[in-house]
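A look at the structure
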Amino acid sequence: MNIYTVSFFGHREINNSIKTEEKLSELIKELICTKEYVEFLVGRNGDFDILVSSVIRKVTKDFDYGNFAHILILPYHTAEYCNNTESYNAYYSEIEICENSSSAHFRAAIQIRNKSMVDRSDLIICHIERKSGGAYKTIQYANEQKKRVINLAEYL
């Protein structure tokens, strides 16, 4: 099976979430309709991550081809996850704890997890409005790795 992996990164707060949601829906529909199998790798660290997961769930419900996985990648075990495992398992197809970041200092863990997600990915979809922060650093890394990057903020 040909697996196409997509990761999502963005700033904690986003502007113009309605247009961002529209563009995300369009891209996710296209991926589901054109790829044999798609892994959507997501975090859970801000507005963009929450929006992405919501759109993935909505689009995959409407276009249920059974050719996707909605995978939460956590940088380490969190109290929120440990206390709500059933809810997480009901919301995501799979949940992974990133091995590379799970034993790192918590301040470095998210960036280590992000790099690991980039390394796995064929495509990066992001929402980057400013040249600072962890999401921006992650996209710099993706560009260095010559990954295909779509910045939704450029379409708004």
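Our subject is the structure listed above.
Right, let's walk through the structure included here. (Residues numbered from 1 in each chain as written. Predicted model: local features only at pLDDT ≥ 70, side-chain atom pairs only at ≥ 80, totals over all residues. Heavy atoms only, no water.)

**Remarks on the overall build of the chain**
Counting its secondary structure elements, the chain contains 7 helices and 6 strands. Scanning the chain from its N terminus toward the C terminus, one meets helices and strands in the order β-α-β-α-β-α-α-β-α-α-β-α-β. Against the compact-globule benchmark of 15 Å for 156 residues, the chain has a radius of gyration of 15 Å, which places it among compact chains. Expressed as lengths along the three principal axes of its C-alpha atoms, the size of the chain is roughly 40 × 35 × 30 Å. For the chain, buried positions account for 44% of its 156 residues. As displayed, the chain offers around 8,500 Å² of accessible surface, 43% of which is attributable to carbon and sulfur atoms. In the chain, which carries 19 positive and 21 negative side-chain charges, the distance between the mean positions of the two groups comes to 5 Å. (Helix = DSSP H or I, 4+ residues; strand = E, 2+ residues; numbered from the N terminus. Rg over C-alpha atoms; globule rule 2.2 N^0.38 Å. Buried < 20%, exposed > 50% of the residue type's maximum accessible area, 1.4 Å probe, protein only. Areas by Shrake-Rupley, 256 points an atom, 1.4 Å probe, with all protein chains shown as cover. Lys, Arg positive; Asp, Glu negative; His and termini not counted. Charge placed at Lys NZ, Arg CZ, Asp CG, Glu CD.)

**Let's talk about unusual backbone geometry**
Even without being a glycine, K146 presents a positive backbone phi close to 60°. The topology assignment puts K146 in the loop between helix 7 (134-144) and strand 6 (148-151). We classify K146 as exposed; its relative accessible area is 75%.

**Quick notes on the side chain of S7**
Tracing the backbone shows S7 in strand 1 (residues 3-10). Those residues in contact with S7 that sit more than four places away from it in its chain are L41, M117, S121, L123, I124 and I125. (Contact = heavy atoms within 4.5 Å.)

**Some remarks on the environment of I124**
One can find I124 in strand 5 (residues 123-127). Between the alpha carbons of I124 and F9 there is a distance of 7.6 Å; along the sequence they are 115 residues apart. Once residues lying within four places of it in the same chain are set aside, the contact partners of I124 are S7, F9, V118, I139, A142, K147, R148, V149 and I150.

**Quick notes on the sheet that holds strand 2 (residues 37-42)**
Sheet architecture is open: 6 strands sit in the order 4-3-2-1-5-6, paired in parallel fashion. Two strands close off the open sheet at either side, each with one partner strand: strand 4 (94-97) and strand 6. When the angles between neighbouring strand axes are averaged without regard to direction, this sheet yields 25°. In the sheet, strand 1 pairs with strand 5 via 5 bridges, with the strands oriented parallel. When the sheet's bridge partners are listed, F9 is paired in strand 5 with C126. (Pairing = 2+ DSSP bridges. Axes fitted to C-alpha atoms, helices over the stretch in contact; angles between N-to-C directions.)

**With respect to helix 7**
For helix 7, the set of buried residues is A135, T138, I139, Y141 and A142. Around the axis of helix 7, the buried residues are gathered within 155° of arc, so they sit on the same side. Those residues of helix 7 that are exposed and aimed more than 90 degrees away from the buried face are K137 and E144. Residues of helix 7 that are buried sit in contact with strand 1, helix 6 (106-120), strand 5 and strand 6. (Arc of directions from axis to C-beta.)

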